[in-house]
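Chains, contacts and geometry: an overview
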Amino acid sequence: MVLFTGATVEEAIEKGLQELNISRLRAHIKVVSREKKGFLGFGKKPAKVEIEGITDEVTDINESVELKNIKNVPSSVDVVEEYIEEVDETLEKEDVSQPELPKIDDKNVVTTSEAIEKIDLLPNIEVAAAQVTKYVENIIYEMDLDATIETTTSKRQISLQIETPEAGRIIGYHGKVLKSLQLLAQNYLHDRFSKSFSVSINVHDYVEHRTETLIDFSKKIASVF
């Protein structure tokens with residue numbers, strides 16, 4: 001082996017390869033010592049490598065060994081094909097038939113569209129409340145009254161709270177006009193939504209005051225007897 005020096009290991013190797021006129025693949029390289037930078041110029045040493053060319057005989061032996069190993073390795077295609085054949089044979093021997101599914105009676109099957117239609121047919125309290133409110137508003141408009149209606153719903157109950165500066169005209173004598181208005185609204189709901197919902201109409205706090213008056217009157221009658 002021939003000794004070569006350089007500022008770095010790589011420089012020493014390149015220098016040796018050029019002088020020997022061989023490629024790195026056909027050279028045996030041994031690093032003897034690496035470069036030392038030293039300190040302030042003291043102790044600085046170059047890198048040293050030994051390089052020896054690889055003979056053609058050694059190369060031929062290595063190549064023949066590699067070719068021999070390649071020939072003994074089965075191709076990936078052959079391995080896959082053998083595996084597929086083994087799987088096919090296994091499937092033929094085993095019973096891989098799927099279990100029979102239970103039969104479904106088409107008469108009892110409800111499609112998604114049919115289910116949606118049934119849901120749509122169910123009475124909607126919000127729709128009913130909006131329609132009956134509009135109905136009562138039209139009646140009040142025909143009475144030439146200025147009023148506003150606040151609508152609330154709870155389960156199947158629709159409540160209409162009427163606010164107007166002319167409450168007496170809507171309530172009437174002993175509440176007769178208000179009772180008639182509620183009867184009309186209830187009949188309107190029954191005609192369009194069967195008996196799914198009920199409606200109550202109140203003007204200011206008339207219903208509460210009327211109830212309290214009746215309770216007090218009942219107590220007075222009871223105390224007399």
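Residues numbered from 1 in each chain as written. Predicted model: local features only at pLDDT ≥ 70, side-chain atom pairs only at ≥ 80, totals over all residues. Heavy atoms only, no water.

Going by what an unreviewed UniProt entry lists, the chain is known as RNA-binding protein Jag and is assigned to Streptococcus agalactiae.

**Concerning the packing of helix 5 (residues 125-142) against helix 7 (residues 176-193)**
As a packed pair, helix 5 and helix 7 sit with axes 10 Å apart at the nearest point and diverge in direction by 140°. Classed by the angle they form, the pair helix 5 and helix 7 counts as oblique. Of the two elements, helix 5 crosses helix 7, and the hand of that crossing is right-handed. Of the residues in helix 7, those in contact with Val127, Ala128, Gln131, Val132, Tyr135, Val136 and Ile139 of helix 5 are Leu181, Leu184, Ala185, Tyr188, Leu189, Arg192 and Phe193. (Axes fitted to C-alpha atoms, helices over the stretch in contact; angles between N-to-C directions. Helix = DSSP H or I, 4+ residues; strand = E, 2+ residues; numbered from the N terminus. Parallel < 35°, antiparallel > 145°, perpendicular 65-115°, else oblique. Left-handed = near helix turned anticlockwise from the far one by under 90°. Contact = heavy atoms within 4.5 Å.)

**Things to note about the sheet that holds strand 1 (residues 2-6)**
Reading across the sheet, the 3 strands line up as 1-3-2 and stay open at both edges, with antiparallel pairing between neighbours. Of all the strands in the sheet, the pair left with one neighbour each is strand 1 and strand 2 (27-33). Averaged over all pairs of adjacent strands, the angle between their axes in this sheet comes to 30°, without regard to strand direction. The pairing of strand 1 with strand 3 (residues 47-53) spans 5 bridges and is antiparallel. When the bridges of strand 3 are listed, glycine 6 appears paired with alanine 47. Here helix 1 (residues 9-20) sits on the sheet in contact with strand 1, strand 2 and strand 3, set at roughly 35° to strand 3. (Pairing = 2+ DSSP bridges.)

**What about the environment of lysine 44?**
Relative to the helices and strands, lysine 44 resides in the loop between strand 2 and strand 3. According to the relative accessible area criterion, lysine 44 is exposed, its value standing at 63%. Remark: the alpha-carbon pair of lysine 44 and alanine 7, spanning 37 residues in sequence, is separated by 9.7 Å. (Buried < 20%, exposed > 50% of the residue type's maximum accessible area, 1.4 Å probe, protein only.)

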